[in-house]
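# Reading the structure
In case you want the letters, here they are:
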Amino acid sequence: DAEITQSPRHKITETGRQVTLACHQTWNHNNMFWYRQDLGHGLRLIHYSYGVHDTNKGEVSDGYSVSRSNTEDLPLTLESAASSQTSVYFCASSDNQVSYNEQFFGPGTRLTVL
Amino acid sequence: RKEVEQDPGPFNVPEGATVAFNCTYSNSASQSFFWYRQDCRKEPKLLMSVYSSGNEDGRFTAQLNRASQYISLLIRDSKLSDSATYLCVPDTGRRALTFGSGTRLQVQP
């Protein structure tokens with residue numbers, strides 16, 4: 001079955017380190033998204049991509065970067081991790097052809113920055 | 001004004017009760033809306049889509065009030081398994097969605 005996966009599921013890192021969170025989907029969806037979720041803020045969009053080599057900034061993109069070299073993957077990189085980036089990170093994808101409003105989410109990565 | 005606003009709750013209701021919560025939106029151009037459900041520490045999943053004035057799916061009814069710019073979600077005969085956070089999402093014509101912060105529902109035995 002097609003799916004969307006994230007790795008690692010849990011990560012503890014230190015301030016200043018570079019961290020990369022992986023997101024992989026097998027639906028062949030054009031659209032992929034990264035969100036962070038914190039108590040009291042709901043889901044906030046970090047970066048998104050509408051296709052290979054396309055990337056766009058969301059509302060909370062500072063300190064994060066993404067690249068889209070193929071359809072299946074959209075890795076999220078924290079250039080220099082900060083304690084404020086401790087959060088749960090969700091990756092999602094959607095299909096232009098069917099309904100772009102239905103986003104399919106991965107299981108999330110819980111990141112702790114010490 | 002935020003693009004989407006929801007009462008965070010929690011709404012605590014007994015099993016079998018009917019509960020409703022609203023979501024207000026600021027973009028009057030939004031034509032359709034979506035409710036996502038998120039269980040504790042899990043990923044959100046699409047619950048309902050609303051393309052006109054409303055939609056009904058079993059115990060769940062979503063209604064849209066364009067004049068007042070809010071959408072409501074009504075749950076009848078609440079089950080323990082309905083306990084979750086419900087996220088409102090207006091369609092703004094962009095593929096990147098804006099999620100409300102959610103309303104937490106706790107159904108009690």
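Bear in mind the structure is a predicted one, so any value in this text is a computation, not a measurement. (Residues numbered from 1 in each chain as written. Chains lettered and ligands numbered in written order. Predicted model: local features only at pLDDT ≥ 70, side-chain atom pairs only at ≥ 80, totals over all residues. Heavy atoms only, no water.)

### Observations regarding the state of the cysteines
Should the sulfur atoms of two cysteines be covalently bonded, the bond is a disulfide. Residues and elements named next belong to chain A. Applying the stated criterion to the full structure yields two disulfides over all chains. Put simply, Cys23 and Cys91 are joined by a disulfide, and their sulfur atoms are 1.8 Å apart. Judged by the sign of its S-S torsion, about -70°, the bond between Cys23 and Cys91 is left-handed. Remark: Cys91 occurs in strand β9 (residues 87–95) and Cys23 occurs in strand β3 (residues 19–25); sequence separation between them is 68 residues. (Disulfide = S-S within 2.5 Å. Helix = DSSP H or I, 4+ residues; strand = E, 2+ residues; numbered from the N terminus.)

### Remarks on the pattern of salt bridges
According to the stated counting rule, one finds seven salt bridges over all chains in the structure shown. Put simply, A:Glu14 and A:Arg17 hold a salt bridge, and the shortest N to O gap is 3.4 Å. The shortest N-O distance in the salt bridge between B:Asp77 and B:Lys79 comes to 2.9 Å. In this structure, a network of salt bridges that share partners links the residues A:Arg36, A:Asp38 and A:Arg44. (Salt bridge = Lys/Arg side-chain N within 4 Å of Asp/Glu carboxyl O.)

### Some details on the sheet that holds strand β2 (residues 11–14) of chain B
Residue and element names in this part refer to chain B. Spatially, β2-β10-β9-β4-β5 is the arrangement adopted by the five strands of the open sheet, whose pairing is mixed. The sheet terminates laterally at β2 and β5 (45–50), the two strands that pair on one side only. On average, each strand axis in the sheet is tilted by 25° relative to the strand beside it, whichever way the strands run. Relative to strand β10 (residues 103–108), β2 runs parallel, the two being bridged by four bridges. Its bridge partner lying in β10, Pro14 is registered against Gln108. (Pairing = 2+ DSSP bridges. Axes fitted to C-alpha atoms, helices over the stretch in contact; angles between N-to-C directions.)

### Quick word on the nonpolar core
The nonpolar side chains of soluble globular proteins are, as a tendency, buried together. By size, the foremost hydrophobic cluster in this structure holds 22 residues, and its most contacted members are B:Phe21, B:Trp35, B:Ile71, B:Leu73, B:Ile75, B:Tyr86 and B:Leu105. Per-element tally for this core: the top contributor is strand β3 (residues 19–25) of chain B, with four residues. Excluding its chain neighbours within four sequence positions, the residues that come into contact with B:Leu73 are B:Val19, B:Ala20, B:Phe21, B:Trp35, B:Leu47, B:Met48, B:Phe60, B:Thr61, B:Ala62 and B:Tyr86. Within the second largest apolar cluster, 18 residues are counted, among which are A:Val19, A:Tyr64, A:Val66 and A:Tyr89. (Core = buried A, V, L, I, M, F, W, Y, C linked by side-chain atoms within 4.5 Å. Buried < 20%, exposed > 50% of the residue type's maximum accessible area, 1.4 Å probe, protein only. Contact = heavy atoms within 4.5 Å.)

### Some points on the pairing of β3(A)
Residues and elements named next belong to chain A. Here β3 shows a buried face lined by Val19, Leu21, Cys23 and Gln25 and an unburied face lined by Thr20, Ala22 and His24. Alignment of strand β1 (residues 4–7) against β3, held across four bridges, turns out to be antiparallel. Its bridge partner lying in β3, Gln6 is registered against Cys23. Pairing between β3 and strand β8 (residues 76–78): three bridges, direction antiparallel. Residue pairing across strands places Thr20 opposite Thr77, the latter belonging to β8.

### Some remarks on the packing of aromatic side chains
By the definition in use, this model includes 16 aromatic pairs over all chains. The interplanar angle of 40° and the centroid separation of 5.5 Å between the aromatic rings of B:Phe21 and B:Tyr86 together place this pair among those described as tilted. Placement of the pair is B:Phe21 in strand β3 and B:Tyr86 in strand β9 (residues 84–90), with a sequence separation of 65 residues. With a centroid separation of 5.8 Å and an interplanar angle of 80°, the aromatic rings of B:Phe34 and B:Tyr51 are classed as edge-to-face. With B:Phe34 in strand β4 (residues 33–38) and B:Tyr51 in the loop between β5 and β6 (54–57), this pair connects stretches of sequence that are 17 residues apart. Judged by its relative accessible area of 0%, B:Phe34 falls in the buried class. Through successive ring pairs, a cluster of aromatic residues spans A:Phe33, A:Tyr35, A:Tyr48, A:Tyr50, A:Phe90, A:Phe105, B:Tyr36 and B:Phe99. (Phe/Tyr/Trp six-rings, centres within 6.5 Å; stacked < 30°, edge-to-face > 60°.)

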